[in-house]
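# Residue-level structural notes
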Amino acid sequence: QVQLVESGGGLVQAGGSLRVSCAASGRFFSINAMGWYRQAPGKQRELVATIIIDGSTNYLDSVKGRFTISRDNAKNTVYLQMNSLKPEDTAVYYCHARVLRVRETPAVDYWGQGTQVTVSS
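Let us look at the structure shown here. Computed from a prediction, not measured in an experiment: that's the story for all the values here. (Residues numbered from 1 in each chain as written. Predicted model: local features only at pLDDT ≥ 70, side-chain atom pairs only at ≥ 80, totals over all residues. Heavy atoms only, no water.)

### Notes on the overall build of the protein
Inclusion rule: Only DSSP runs of H or I reaching four residues or more are called helices, and only runs of E reaching two or more are called strands; each is numbered from the N terminus. As a reference, a globule follows 2.2 Å times the number of residues to the power 0.38, and the radius of gyration itself is taken over C-alpha atoms. Only protein chains enter the area calculation, which uses a 1.4 Å probe; residues under 20% of their type maximum are buried, those over 50% are exposed, and those in between are partly exposed. Any two residues whose heavy atoms approach within 4.5 Å at even a single point are treated as in contact. Using the Shrake-Rupley algorithm and a 1.4 Å probe, accessible areas are obtained, with residue cover drawn only from the displayed protein chains.
From N to C terminus, the protein includes zero helices and eleven strands. Element order for the protein, N to C, with α for helix and β for strand: β-β-β-β-β-β-β-β-β-β-β. For a compact globule of 121 residues, the expected C-alpha radius of gyration is about 14 Å, and the protein comes in at 14 Å, within 12% of that figure. Across its three principal directions, the C-alpha atoms of the protein cover 50 × 25 × 25 Å. Across the 121 residues in the protein, those meeting the buried criterion constitute 41%. Within the protein, contacts between residues separated by at least 24 positions form 55% of all contacts whose residues are at least 6 apart in sequence. About 6500 Å² of surface is accessible on the protein, with carbon and sulfur atoms providing 48% of the total.

### Concerning the side chain of Asp89
Keep this limit in mind: Polar contact is the term for a pair of N or O atoms within 3.5 Å; when the atoms are in protein, one must be able to donate a hydrogen and the other to accept it, and sequence-neighboring residues count only if both atoms are side-chain atoms.
Inspection of the secondary structure assignment puts Asp89 in the loop between strand 8 (77-82) and strand 9 (91-100). Looking at Asp89, the relative accessible area reads 1%, which means it is buried. Among the polar contacts listed, one links the side chain of Asp89 to the side chain of Arg38, at a separation of 3.0 Å. Once residues within four sequence positions are removed from consideration, Asp89 is found in contact with Arg38, Val63, Arg66, Phe67, Ser84, Val117 and Val119.

### Description of the state of the cysteines
Our working rule: To count as a disulfide, a pair of cysteine sulfur atoms needs to be within 2.5 Å.
All told, the structure shown has one disulfide when counted by the stated rule. Bridging Cys22 to Cys95, the disulfide has an S-S length of 2.1 Å. Given an S-S torsion of about -80 degrees, the disulfide between Cys22 and Cys95 has left-handed geometry. Of this pair, Cys22 sits in strand 3 (residues 18-26) while Cys95 is found in strand 9, placing the two residues 73 residues apart along the sequence.

### Comments concerning the pairing of strand 5 (residues 46-52)
What counts, and what does not: Two strands pair under a simple rule: DSSP has to find at least two bridges between them.
Relative to strand 5, strand 4 (residues 30-39) is paired through six bridges, and the arrangement is antiparallel. In the strand pairing of strand 5, Ala33 is matched with Ile52. Taken together, strand 4 and the strand that follows it, strand 5, pair antiparallel across an intervening segment of six residues, in which Gly42 is found at a positive phi of about 75 degrees. In this sheet, strand 6 (residues 57-59) lies alongside strand 5 in antiparallel orientation, the contact comprising three bridges. Following the sheet pairing, Ile51 is matched in strand 6 by Thr57.

### Observations concerning the pattern of salt bridges
Basically, it comes down to this: Take a side-chain nitrogen of Lys or Arg and a carboxyl oxygen of Asp or Glu: if they are within 4 Å of each other, that pair is a salt bridge.
As enumerated under the stated definition, the model contains five salt bridges in all. Three or more residues are tied together by salt bridges with common partners; here these are Arg38, Glu46, Arg66 and Asp89.

### Things to note about the sheet that holds strand 7 (residues 67-72)
Strand pairing in a sheet relies on backbone hydrogen bonds, with the paired strands running either antiparallel or parallel. In plain terms, the rule: A fitted line through C-alpha atoms represents every axis, and for helices the fit uses only the stretch in contact; the resulting angles, taken between N-to-C directions, go from 0 to 180 degrees.
Strand order in this open sheet of four strands is 1-3-8-7, and the pairing throughout is antiparallel. Since the sheet does not close on itself, it has two edges, and those belong to strand 1 (2-7) and strand 7, each with one partner. Strand-to-strand twist of the sheet, defined as the mean angle between neighbouring strand axes without regard to direction, takes the value 15 degrees. Two strands pair when backbone bridges link them, and strand 7 and strand 8 are joined in this way by six bridges, in the antiparallel orientation. Bridge pairing in strand 8 links Thr68 to Gln81.

Put into structure tokens, the structure is as follows:
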């Protein structure tokens, strides 16, 4: 089994910064991609940022230029640095990992438990 443990959420004023982290543990062959999704009350979960094993990244348009995703492959950890935060960034942020548990088998999606990010105006 694979576990994703998130940390670093909290309350911040608009314009401030936060960094959330997610560490993967367990038995697996490799992690193909890691990323962050978020879900605000009454809204659907949306992709915020992803980073794949070769380092390429993808961002939600509304966070481009403010958020930066990075990854430490040796620690199986992904980070999301969030700057210039806005009240509309308030949501529960979920870590996601696409994991290859055994070589040459289909990858499996795993999710963290979520961490609350609240941006006050």
